[in-house]
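Structural description and commentary
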Amino acid sequence: MNSCCALPVETIARNEHLTNGECCLITDVSQAPATAPCPVSQTAGRKIQRRTLESLLKPYARELLQPAQYYYCADPTCPIVYFSNAHVRTFSIGELTVPVFDKDKSEETSVCYCFDWTRGRIRDQIVETGKSTAAVEIAQKVKAGECACDVKNPKGRCCLGDVNAVVKETLRNLSR
Ligand SMILES: [Zn+2]
């Protein structure tokens, strides 16, 4: 087991388990630049592993994948999800089999794609109990080696930063 998931559950739950933002599911050691600008929004996108695209693109779009390095655009206002610095076709939100958390604010959209925590499920639990167990529950599963962010989360990496942000925002909104 990689050292990041060997840390205590509480550390993982706080999203403090990542070394340089990476985790044991990031095994692509390509020499391509770590970031590249999205051709539409100019946002600096992070390098993404090929298996993330292969897993989440609709079948017809998967056929259009080129032997290039792809990047992920996190800009909430930009329709592009994946692009390359190699001037090949981009892939936008409708071409994935799942809605993209960063670009879709609906309650049904997953925050944690591995264990089905949507914005709505997080909010409902907080309304009911006053707190969220999402981060700790996810961290327990991460520690057990059950997460698969590299092939389930469109951003191809750990969701705990997003989960903690949604919990914080929901608590703030409900206390107003
Ligand atoms: Zn973009």
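Residues numbered from 1 in each chain as written. Predicted model: local features only at pLDDT ≥ 70, side-chain atom pairs only at ≥ 80, totals over all residues. Heavy atoms only, no water.

**Details of the pattern of salt bridges**
- One pass over the full model with this rule turns up nine salt bridges.
- Across the pair Glu-54 and Arg-50 runs a salt bridge whose closest N-O atoms are separated by 3.3 Å. Taken together, the positions of Glu-54 and Arg-50, both in helix H3 (residues 50-56) and four residues apart, correspond to about one turn of that helix.
- Given the relative accessible area of 37%, Glu-54 is considered partly exposed. (Salt bridge = Lys/Arg side-chain N within 4 Å of Asp/Glu carboxyl O. Helix = DSSP H or I, 4+ residues; strand = E, 2+ residues; numbered from the N terminus. Buried < 20%, exposed > 50% of the residue type's maximum accessible area, 1.4 Å probe, protein only.)

**Side note on the coordination of the zinc ion**
- Taken together, the protein donors to the zinc ion comprise Cys-38 (SG), Ser-41 (OG), Cys-73 (SG) and Cys-78 (SG), at separations of 2.3 Å.
- Taking relative accessible area as the criterion, Cys-38 reaches 0% and is therefore assigned buried. (Donors = N, O, S within 2.8 Å, 3.2 Å for Na, K, Ca; no water.)

**Notes on the nonpolar core**
- Residues Cys-112, Ile-122, Ile-138 and Val-163 are the most contacted members of the largest nonpolar core, which totals 31 residues.
- Those elements that provide at least two residues to this core are helix H1 (3-6), helix H2 (9-13), strand S6 (110-112), helix H5 (119-129), helix H6 (134-143) and helix H8 (160-175).
- The element best represented in this core is H6, accounting for five residues.
- Beyond its immediate sequence surroundings of up to four residues, Cys-112 is in contact with Trp-117, Ile-138, Cys-159 and Val-163. (Core = buried A, V, L, I, M, F, W, Y, C linked by side-chain atoms within 4.5 Å. Contact = heavy atoms within 4.5 Å.)

Honestly, that's just the spatial picture; any functional story needs more than this.
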